[in-house]
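Each chain, written out:
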Amino acid sequence: MRKLVFSVVILSLAAACGAPDPDFSNPMAIEGGGPDASALRLNAPLVIPPTNALPTPTPGGRNLADPR
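Residues numbered from 1 in each chain as written. Predicted model: local features only at pLDDT ≥ 70, side-chain atom pairs only at ≥ 80, totals over all residues. Heavy atoms only, no water.

Draft legend 1. A look at the overall build of the protein chain. Check the secondary structure of the protein chain and you find one helix and zero strands. About 7,200 Å² of surface is accessible on the protein chain, with carbon and sulfur atoms providing 65% of the total. (Helix = DSSP H or I, 4+ residues; strand = E, 2+ residues; numbered from the N terminus. Areas by Shrake-Rupley, 256 points an atom, 1.4 Å probe, with all protein chains shown as cover.)

Draft legend 2. Structural detail: helix α1 (residues 2–16). Across its 15 residues, α1 extends 21 Å between first and last C-alpha, which sits within 8% of the 21 Å expected from 1.5 Å per residue. With zero of 15 residues buried, α1 is to be regarded as a mostly surface element. (Expected span 1.5 Å × (residues − 1). Buried < 20%, exposed > 50% of the residue type's maximum accessible area, 1.4 Å probe, protein only.)

Draft legend 3. Representation of a nonpolar patch on the surface in the model. A surface patch of nonpolar side chains, amounting to about 830 Å² of accessible area, comprises Met-1, Leu-4, Val-5, Phe-6, Val-8, Val-9, Ile-10 and Leu-13. Counting through the fold element by element, Met-1 comes out in the segment before α1. (Patch = residues over 30% accessible without salt bridge, like charges linked within 9 Å, V, L, I, M, F, W, Y side chains within 5 Å. Salt bridge = Lys/Arg side-chain N within 4 Å of Asp/Glu carboxyl O.)

Here it is, written out as structure tokens:
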């Protein structure tokens, strides 16, 4: 049993010493150049209500968190 555990530990350590991952801090290293910063949509700023009271729910009403 000890030999099995020892061999699994050794194989795990050997697998951890493999080739390094690609450099993700460099945007040119990512296929396609990464995300397009102009395509981001910013949400409205958060609003702190004057009270902690929740609005009464209205069935079929609009969603206050929906930006559309």
